[in-house]
Amino acid sequence: MPTSRTRRSPLPVIAVAAALLLPLAACSSSSGTGASGDAQRLRVVMAFPPAQAMSPYGDDAVTLSRLAVIEGLTTLDRNGAAKPALAASWKQENPTTWTFTLRDAVFQDGGKVDADAVVRSLTAASKASPLPRVLSDTTLKATATGEDTVRIVTGEADPLLPQRLANPSLTILSAGAYKNGKADPAGHATGPFTLTDVKGAVAATLQRNADYWGDKAKAPGVDVTFAADGTARANALRTKAVDVAEYVPISQASLLGDSYVHEFPSARTNGLSLNTRRGVFADPAVRAAAREAVDSQALVDGVYEGRADTARGLLGPGIPWAAEKRTAPTGRTQAASREDVAKTKEIVLATYTNRPELPEVATLVQQQLEKRGFTVKQVVRDYAQMEADALAGKYDAFIQARNTLLDTADPLSYLASDFTCDGSFNISQLCDKRVDAAVNKAGAAAGTDARHRAEMTAEAAVLGADALVPLVHERFVQGYDDTRVEGVALDPMERTLITADTRVG
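Note that the structure is a prediction, hence the values are computed from the model and not measured.

**Quick word on the environment of asparagine 275**
Then comes step 1: Relative to the helices and strands, asparagine 275 resides in the loop between strand S14 (261-274) and helix H7 (284-293).
Then comes step 2: According to the relative accessible area criterion, asparagine 275 is buried, its value standing at 2%.
Then comes step 3: The spatial distance from the C-alpha of asparagine 275 to the C-alpha of asparagine 79 is 32 Å, given a sequence separation of 196 residues.
Then comes step 4: Residues contacting asparagine 275, with those up to four places away along its chain left out, are Phe281, Ala282, Gly393, Tyr395, Asp396, Ser428 and Gln429.
Then comes step 5: Only 2.8 Å separates the side chain of asparagine 275 from the backbone oxygen of glycine 393, close enough to count as a polar contact.
Then comes step 6: A distance of 3.2 Å separates a polar atom in the side chain of asparagine 275 from the backbone oxygen of tyrosine 395.

Below is the structure:
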């Protein structure tokens, strides 16, 4: 997938706006304040309707995390390092064995968060079908070693296990959540808000969890609606039908006004993947010419209206540690001349419609490539119709928006899946021994700092091969009136949005 979220074709704006406003009006009229009248309920519109009835084993897990409903053993800080959540502490016994000590906490249905509950939840996730992506490259077995201690053994050494356990698909739920082979988080999780009602793909209702182990939610509840259409979300914010609008489109940001627009660096890099195995770009000199043709600043100014960052590498400013550890690309080939490029065959440049900026990016990149001498044909369709062909190497060049932190909040899995010989998402068809060795070295590095440095060495090798030309680093835009709303999380890793501190003033 191009991102961690499932994309859907939007309905007409008017229809979406009508569907959006009606549930909110109903919620607001009946519950504008909490039971004690102490604070106003939050009204939030989310971009991605539930796809699996709020199952924690698919993309809905991210929605549950962003609404502060679910929690795992760990959580992540801004740098992607693991910190305590339901686990108060942990210790690595040997390369494959870890012991986690639980904090004193209860589920939203009153049951105690104990070792048996953790084992039950992690075992259920490992047996889920389809398997959560976070477990696609590892195996783990959890065993209770005491009422509040859990031993987790991985099939191979996994230095990222604490970060992995922060993934929303590895949430810890009470026994009541598991019925008929499914996991239902409603009323069975541990977060600051309890999911109490879901109306299909239209709306959901949350209530404050009075028994939360941490700081209690400042809002008495959250009324959530779902609208895939970005213009409808922006209009709902503009008309004050909602307090928070998730993912405001770039095209709408300038229309809302500065107090409503909150942009911040993301972990997404939009890049031009070049087919290194067959066709024109099998020649590294021609790939180098394509890289030299791309003008990132023109894309930032012309497509993103300045609301993106110019390309700096595979990892952008949404990953704070990357810049200081970055090294120059290694092993680059001298670019082919314009005359030699003009002799090459027509190339197929592909991208998808699901992210509205990408077709515009493709048009500008086509112009830049043609200026360098390339003959370019564009293919633009829905992503679902293109993924198989892209992975099979049927396009010469493919523009995509890629979340570089993926499931473990560390770029190691991205580097391995996208750029190694056996990578599962290797659209560039790259198979380079130098890159594989660099990625393997990063995976074996002991300690976070050493791994990060090794990952930047791997980045330099990928960039040196010109397998992917970074185009821009996206910024996210969340919408809320900062004169009224406080405590909205601006998270480059997309895991948090509403928190215990979020409130309407």
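**With respect to the pattern of salt bridges**
Then comes step 1: Taken as a whole and judged by the stated rule, the model has 33 salt bridges.
Then comes step 2: Aspartate 148 serves as the salt-bridge partner of lysine 112, at 3.8 Å between the closest nitrogen and oxygen. Taken together, the residues lysine 112 in the loop between strand S5 (97-102) and helix H3 (115-127) and aspartate 148 in the loop between strand S6 (140-146) and strand S7 (149-154) connect sequence positions 36 residues apart.
Then comes step 3: The shortest N-O distance in the salt bridge between arginine 326 and glutamate 459 comes to 2.9 Å. Separated by 133 residues along the polypeptide, arginine 326 in the loop between helix H9 (322-325) and helix H10 (338-342) and glutamate 459 in helix H15 (residues 448-465) bring together distant segments of the chain.

**Details of empty space enclosed by the protein**
Then comes step 1: A full pass over the atoms with the stated rule returns five cavities of 30 Å³ or more.
Then comes step 2: The computed volume of the largest cavity comes to approximately 90 Å³.
Then comes step 3: Considering the residues around the largest cavity, the lining is formed by 18 residues, among which Asn79, Gly80, Trp321, Leu405 and Ala409 are closest to the centre.
Then comes step 4: With three residues, H15 is the single largest residue contributor to the lining of the largest cavity.
Then comes step 5: Taken together, the residues that form the lining of the largest cavity break down as nine nonpolar, six polar and three charged.

**Here we look at the state of the cysteines**
Then comes step 1: Applying the stated rule across the entire model yields one disulfide.
Then comes step 2: The partner cysteine of cysteine 421 in its disulfide is cysteine 431, sulfur to sulfur 2.0 Å. Around the S-S axis, the bridge from cysteine 421 to cysteine 431 shows a dihedral of about 95° and counts as right-handed. On the criterion of sequence distance, the pair formed by cysteine 421 in the loop between helix H13 (412-419) and helix H14 (433-444) and cysteine 431 in the loop between H13 and H14 is long-range, its members being 10 residues apart.
Then comes step 3: With relative accessibility at 26%, the residue cysteine 421 sits in the partly exposed group.

**A word on the confidence of the model for the protein**
Then comes step 1: Looking at the protein as a whole, the pLDDT averages 91, with 92% of positions reaching at least 70.
Then comes step 2: For the stretch residues 1-19, pLDDT sits under 50, and the model shows 47 contacts to residues farther than four places along the chain or on other chains.
Then comes step 3: In the model, residues 25-37 has pLDDT below 50 throughout and makes 15 contacts with residues more than four positions away in sequence or in other chains.

**Concerning the packing of aromatic side chains**
Then comes step 1: A full pass over the atoms with the stated rule returns 10 aromatic pairs.
Then comes step 2: Judged by centre distance (5.8 Å) and plane angle (70°), the rings of phenylalanine 264 and phenylalanine 476 are edge-to-face. Taken together, the residues phenylalanine 264 in strand S14 and phenylalanine 476 in strand S19 (residues 468-480) connect sequence positions 212 residues apart. Accessibility assignment for this pair places phenylalanine 264 and phenylalanine 476 in one class, buried.
Then comes step 3: Aromatic pair tyrosine 352 and tyrosine 383: ring centres 4.9 Å apart, planes at 75°, arrangement edge-to-face. A residue pair is termed long-range when its members are at least 10 positions apart, and tyrosine 352 in strand S16 (residues 347-352) and tyrosine 383 in the loop between strand S17 (376-381) and helix H12 (387-391) qualify at 31 residues. Across this residue pair, the class does not change: tyrosine 352 and tyrosine 383 are buried.
Then comes step 4: The structure contains a cluster of three or more aromatic residues connected by ring pairs, namely Phe48, Tyr247, Phe264 and Phe476.
Then comes step 5: Positioned above the aromatic ring of tryptophan 213 is the side chain of arginine 103, whose terminal nitrogen or guanidinium carbon lies 3.9 Å from the ring centre.
Then comes step 6: One cation-aromatic arrangement involves arginine 402 over phenylalanine 425; the distance from NZ or CZ to the ring centre is 4.0 Å.

Rules behind the numbers
- Residues numbered from 1 in each chain as written.
- Predicted model: local features only at pLDDT ≥ 70, side-chain atom pairs only at ≥ 80, totals over all residues.
- Heavy atoms only, no water.
- Helix = DSSP H or I, 4+ residues; strand = E, 2+ residues; numbered from the N terminus.
- Buried < 20%, exposed > 50% of the residue type's maximum accessible area, 1.4 Å probe, protein only.
- Contact = heavy atoms within 4.5 Å.
- Polar contact = N/O pair within 3.5 Å; in protein donor to acceptor, adjacent residues only side chain to side chain.
- Salt bridge = Lys/Arg side-chain N within 4 Å of Asp/Glu carboxyl O.
- 1 Å grid on protein atoms, 1.4 Å probe; cavity = no way out; pocket = protein on both sides within 12 Å on 5 of 7 lines; lining within 4 Å.
- Points joined across faces, edges and corners; volume = space filled by probe spheres on them.
- Nonpolar A, V, L, I, M, F, W, Y, C, P; charged D, E, K, R; others polar.
- Disulfide = S-S within 2.5 Å.
- pLDDT = per-residue confidence, 0-100.
- Phe/Tyr/Trp six-rings, centres within 6.5 Å; stacked < 30°, edge-to-face > 60°.
- Lys NZ or Arg CZ within 6 Å of the ring centre and 35° of its normal.

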